[in-house]
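Below, each chain spelled out in residue letters.
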Amino acid sequence: EGFNNRSYSSQVQQWLTEYEKKYGPRGTSQITTEKVPLSQTTGFARVIDVKHLVGTSSKKNWPDSPEIRPDHIQQFEKQNGELQPGDIVIFHSGYSDKYFHPFPQDKACLVEPINGQREGWPAPGPDAIIYLSKKGVRCVATDGPTLGGTQPKRALMTYWALGSKQMVGVEYLTNIGVLPSNAYFIFAAPKIRGSHGGPGRAIALY
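Report on the accompanying structure. Small disclaimer: the values here were computed from a predicted structure and weren't measured.

### Observations concerning a nonpolar patch on the surface
Taken together, the side chains of F100, L110, V111, I114 and Y172 present a nonpolar region at the surface, about 430 Å² in accessible area. Mapping L110 onto the fold places it in the loop between α3 (95–99) and α4 (111–114). L110 gets classed as partly exposed once you look at its relative accessible area, which sits at 30%.

Structure representation (structure tokens):
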């Protein structure tokens, strides 16, 4: 509460105007990481394969990430059953497994996509986040570096949607491809007071 939107750049203020025109007033929250209950980051893993989106963005629009839309989620539901409240949705693109390497092979993971030298990782837009919130999903995860992707405007809107819906995001997962369909997901974050993001341990039980 009380955040001054005028502290944003004029461009970001315009993006916020667009966001609120389409999605309603951006919400507020007092929830920082130490206040997130473990129950919100545990649940049955619903792994949505988005590898088919890799390579679908136009080079002229880089930096850009292919957008995960509600229809991609709905297609998953048609084939695997509807998402249930409390499910942990994990977007599986294979990105971290392919590109997360130590120096000097590290640039392909973050530096090059952010600088528009290669395509970014598939990432959900705000429409996908809002769709998931209506299904009762309270935690969304990805094996990409961020849920926002490399396109600044869409990334901000994705995070505004997550925060406004009181949802938690988990990023940079690995080995998602080995999870069986009945896996139970746990993300345990250390209790760092006042933190808006930080490290944690992702565990799968099966």
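### A few points about the packing of aromatic side chains
In the structure shown here, the tally under the stated rule is eight aromatic pairs. Ring-pair connections join several aromatic residues into one group, and the members of that group are F3, Y8, Y19, Y23 and W160.

### Quick look at the packing of helix α1 (residues 10–23) against helix α6 (residues 152–164)
One way to put it is that α1 packs onto α6 with a least axis distance of 10 Å and a crossing angle of 55°. In terms of orientation, α1 and α6 fall into the oblique class. Relative to α6, the crossing made by α1 is right-handed. Facing α1, whose interface residues are V12, W15, L16, E18 and Y19, α6 presents P152, K153, L156, M157, W160, A161 and S164. Considering only residue class, the contact of α1 with α6 consists of nine nonpolar, one polar and two charged.

### Focus: the side chain of S57
Residue placement: S57 occurs in the loop between β1 (42–49) and β2 (67–68). The exposure class assigned to S57 is buried, which follows from its relative accessible area of 15%. Separated by 2.6 Å, the side chains of S57 and E119 make a polar contact. Those residues in contact with S57 that lie beyond four places of it in its chain are W62, D64, P66 and E119.

### Describing the side chain of T41
Topologically, T41 is positioned in the loop between α1 and β1. Side-chain polar atoms of T41 contact the backbone oxygen of F187, separated by 2.8 Å. When near neighbours in sequence (up to four residues on either side) are disregarded, T41 contacts V36, I88, C139, V168, F185, I186 and F187.

### Structural notes on α6
Under the 1.5 Å per step criterion, the end-to-end length of α6 is 18 Å for 13 residues, consistent within 8% with the ideal 18 Å. Buried residues of α6: R154, A155, M157, T158, W160, A161 and L162, and no others. Buried positions along α6 lie against α1, β2, β4 (123–124), α5 (126–134) and β5 (139–142). Two or three places before K153, at the opening of α6, Q151 has a side-chain oxygen 2.9 Å from that residue's backbone nitrogen. Positive phi appears at Q166, one or two residues downstream of α6, with a value of about 60°.

### Let's talk about the pattern of salt bridges
The tally for this structure, following the rule as stated, stands at nine salt bridges. Through salt bridges with shared partners, one network takes in E77, E82 and K135.

### Some remarks on the nonpolar core
Within the largest apolar cluster, 26 residues are counted, with the highest numbers of intra-cluster contacts made by I73, F91, L132 and V140. Put simply, the parts of the chain that give this core at least two residues each are α1, α2 (70–80), β3 (88–92), α5 and α6. At five residues, α5 tops the list of elements feeding residues into this core. With residues up to four places along the chain from it excluded, the contact list for V140 reads V89, F91, L132, L147, L162, M167, V168, G169 and V170. Formed by 14 residues, the second largest nonpolar core is a distinct cluster that contains V170, I176, L179 and F185.

### Points about the sheet that holds strand β6 (residues 168–170)
Spatially, β6-β5-β3-β1-β7-β8 is the arrangement adopted by the six strands of the open sheet, whose pairing is mixed. The sheet terminates laterally at β6 and β8 (201–205), the two strands that pair on one side only. Between one strand and the next, the sheet's axes are offset by a mean angle of 30°, whatever the strand orientation. Two elements, β1 and β3, share five bridges in a ladder whose sense is parallel. Bridge pairing links V47 to I90 in β3.

The rules behind the values
Within each chain, residues carry numbers counting from 1 in the order of the written sequence. Whole-chain, interface and lining totals are the exception, using all residues; otherwise, since this is a predicted model, local features are given only for residues with pLDDT of at least 70 and side-chain atom pairs are given and counted only at 80 or more. Where side-chain values are given, they derive from all heavy atoms of the structure, hydrogens and water being excluded. The patches described consist of residues with a relative accessible area above 30% and no salt bridge, like charges being joined within 9 Å and nonpolar side chains (Val, Leu, Ile, Met, Phe, Trp, Tyr) within 5 Å. Each accessible area is a Shrake-Rupley result for a 1.4 Å probe, and residues are judged covered by the shown protein chains and nothing else. A carboxyl oxygen of Asp or Glu within 4 Å of a side-chain nitrogen of Lys or Arg is what we treat as a salt bridge. Helix and strand assignments follow DSSP, with helices taken as H or I runs no shorter than four residues and strands as E runs no shorter than two, numbered in order from the N terminus. Here the term buried applies to any residue with accessible area under 20% of the maximum for its type, exposed to any over 50%, and partly exposed to those in between, with areas from a 1.4 Å probe on protein chains only. Only Phe, Tyr and Trp rings are paired, with Trp represented by its six-membered ring, and only when their centres lie within 6.5 Å; those with planes under 30 degrees apart are stacked, over 60 edge-to-face, the remainder tilted. Here, axes are lines fitted to C-alpha atoms. For helices the fit covers the stretch in contact, and angles between N-to-C directions go from 0 to 180 degrees. Note that the term roughly parallel is reserved for angles under 35 degrees, roughly antiparallel for angles over 145, roughly perpendicular for angles of 65 to 115, and oblique for everything else. Each crossing gets its handedness from the near helix: less than a right angle anticlockwise from the far helix is left-handed, clockwise is right-handed. The contact criterion used is simple: two residues touch if any of their non-hydrogen atoms lie within 4.5 Å. Amino acids outside the nonpolar list (Ala, Val, Leu, Ile, Met, Phe, Trp, Tyr, Cys, Pro) and the charged list (Asp, Glu, Lys, Arg) are all regarded as polar, and Gly is one of them. Definition of a polar contact: a pair of N or O atoms within 3.5 Å, with one able to donate and the other able to accept a hydrogen when the atoms are protein atoms, and with sequence-neighbouring residues admitted only if both atoms are side-chain atoms. The span expected for a helix works out to 1.5 Å for each residue beyond the first. Put simply, buried Ala, Val, Leu, Ile, Met, Phe, Trp, Tyr and Cys residues joined by side-chain atoms within 4.5 Å make one nonpolar core. In this scheme, strands are said to pair when DSSP sees at least two bridges between them.

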